[in-house]
Amino acid sequence: MSQPYYADDAVTLYVGDCRDILPSLTERPDSCVTDPPYGETAAEWDRWPDGWVDAVAAVLPPSASLWCFGSARMFLEHAADFTGWRFAQEALWVKRNGSGPGSRDRLVKLHEWAYHWYRGKWSDLHHEWERERTTANRGSVRKASRSAEHQRDGRATTWVDDGMRQPRSVTYVVETPSVRYRKRHQDEKPLAVVEPLVRECTPPGGLVLDPMAGSGTTLEAAVACGRRAVGIEKDERSAEMIVMRLAQMGLAV
Ligand SMILES: C[S@@+](CC[C@H](N)C(=O)[O-])C[C@H]1O[C@@H](n2cnc3c(N)ncnc32)[C@H](O)[C@@H]1O
């Protein structure tokens with residue numbers, strides 16, 4: 001059985017290949033939020049680990065869903081790996097600073113996707129989008145009106161606008177200076193992008209899995225929103241960074 005590299009009440013971290021470590025996890029995660037290598041750069045860590053989706057599926061109950069960051073090219077290239085999963089929705093993160101290209105035949109990429117996958121019954125999954133405050137039309141009351149023919153009965157009901165909105169699928173996050181200039185990991189994701197995904201699919205107090213944790217953004221997001229996390233990272237230097245990051249949150253000693 002694998003020994004944790006680090007553990008406290010909220011976070012457990014293993015160092016090694018997730019495909020080797022996942023089978024020995026003792027606790028079943030309630031969800032998975034991960035950001036695999038897209039396989040699009042020459043970086044040593046940027047290699048798609050064949051079989052990781054199956055290894056994750058083997059430890060997740062059917063009531064757990066998977067949010068996976070990636071590029072359209074990555075998802076198309078590895079579509080067969082997601083056989084058995086149903087596609088639920090996608091979130092798009094628009095960045096201020098794009099990546100690439102090294103040549104003039106490709107666009108500068110200003111966005112990244114996160115795709116949401118599930119296997120069991122949609123109604124059995126945890127869903128929690130934190131509603132966002134808006135200033136548009138606040139306080140107005142929409143009057144009941146007759147449903148149009150194509151709408152179901154009772155659709156056009158009266159409602160009071162409380163100024164809150166369901167979040168939208170596109171997030172514009174201007175990375176904080178610490179992420180832009182002092183990245184802990186070459187592909188570190190902003191907390192503001194990851195935290196809503198962790199919250200969406202993991203019940204309060206529940207356990208989220210990130211089998212390719214990088215600098216530990218999913219782990220920090222989990223702690224920040226009252227969830228627990230189990231992370232796996234094959235690069236020991238990144239694991240050290242995760243422990244330092246948790247120490248800055250007052251967790252690791
Ligand atoms: C895109 S990065 C994750 C970045 C992370 N989301 C963050 O915000 O810092 C992918 C990570 O997966 C790790 N990795 C690649 N293959 C792995 C494997 N088979 N098992 C565990 N970790 C792996 C890499 O070392 C890299 O740190």
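Just so it is clear, the model here is predicted, and its values are computed rather than measured.

Trainee: Whenever I open this one, the overall build of the protein chain confuses me. Can you help?
Mentor: A count of helices and strands for the protein chain gives seven helices and 13 strands. In the protein chain, which comprises 253 residues, the proportion classed as buried is 42%. Look at the contacts in the protein chain between residues 6 or more apart in sequence, and 71% of them connect residues 24 or more apart. Carbon and sulfur atoms make up 50% of the accessible area of the protein chain, which totals about 14000 Å².

Trainee: Looking at this structure, how should I read helix α5 (residues 191-201)?
Mentor: Along an α-helix, residues three or four apart share an orientation, since each turn contains 3.6 residues. With eight of eleven residues buried, α5 lies mostly within the body of the structure. All of the buried residues in α5 are V193, V194, E195, L197, V198, R199, E200 and C201.

Trainee: Sorry if this is basic, but what is going on with the site of the ligand here?
Mentor: Around the ligand sit 21 residues, and of these D35, H185, S215, T217 and E233 come closest. C18 is positioned such that a nitrogen or oxygen atom in its backbone is 2.9 Å from a nitrogen atom of the ligand. In isolation the ligand exposes 600 Å². Once the protein is present, 99% of that is buried. Per-class residue counts for the shell around the ligand are eight nonpolar, five polar and eight charged.

Trainee: Teacher, can you tell me more about the pairing of strand β4 (residues 66-70) here?
Mentor: Regular strands place side chains that alternate from one sheet face to the opposite one. Within β4, five of the five residues are buried, leaving the element largely enclosed by the surrounding structure. The alternating pattern of β4 places L66, C68 and G70 on one face and W67 and F69 on the opposite face, and all of these are buried. Alignment of strand β3 (residues 31-34) against β4, held across three bridges, turns out to be parallel. Note on β4: the bridge partner recorded for V33 is W67. For the segment spanning β3, helix α2 (residues 52-57) and β4, crossover handedness is right-handed.

Trainee: Would you mind showing me how to read the side chain of S65 here?
Mentor: Position of S65 among the secondary structure elements: in the loop between α2 and β4. Taking the relative accessible area as the measure of exposure, S65 reaches 2% and is therefore buried. A distance of 2.9 Å separates the side chain of S65 from the side chain of H116, its partner in a polar contact. Apart from residues no more than four positions distant in its own chain, S65 is found in contact with D30, S31, C32, L60, H116, W117, Y118, L125 and C201.

Trainee: In this structure, what is going on with the pattern of salt bridges? I would like to understand it.
Mentor: Considering all chains together, one arrives at 14 salt bridges under this definition. A salt bridge links R73 to E40; its shortest N-O distance comes to 3.4 Å. One end of the pair, R73, is in helix α3 (residues 72-77); the other, E40, is in the loop between β3 and α2, and 33 residues separate them in sequence. Its relative accessible area of 43% is what places R73 among the partly exposed residues. When its relative accessible area of 28% is taken as the criterion, E40 is described as partly exposed. For K189, the salt bridge goes to D187, with nearest N and O atoms at 3.0 Å. Like D187, K189 is buried.

Procedures and definitions
- Residues numbered from 1 in each chain as written.
- Predicted model: local features only at pLDDT ≥ 70, side-chain atom pairs only at ≥ 80, totals over all residues.
- Heavy atoms only, no water.
- Helix = DSSP H or I, 4+ residues; strand = E, 2+ residues; numbered from the N terminus.
- Buried < 20%, exposed > 50% of the residue type's maximum accessible area, 1.4 Å probe, protein only.
- Contact = heavy atoms within 4.5 Å.
- Areas by Shrake-Rupley, 256 points an atom, 1.4 Å probe, with all protein chains shown as cover.
- Near = heavy atom within 4 Å.
- Polar contact = N/O pair within 3.5 Å; in protein donor to acceptor, adjacent residues only side chain to side chain.
- Nonpolar A, V, L, I, M, F, W, Y, C, P; charged D, E, K, R; others polar.
- Pairing = 2+ DSSP bridges.
- Right-handed = clockwise from strand over helix to strand, strands pointing away.
- Salt bridge = Lys/Arg side-chain N within 4 Å of Asp/Glu carboxyl O.

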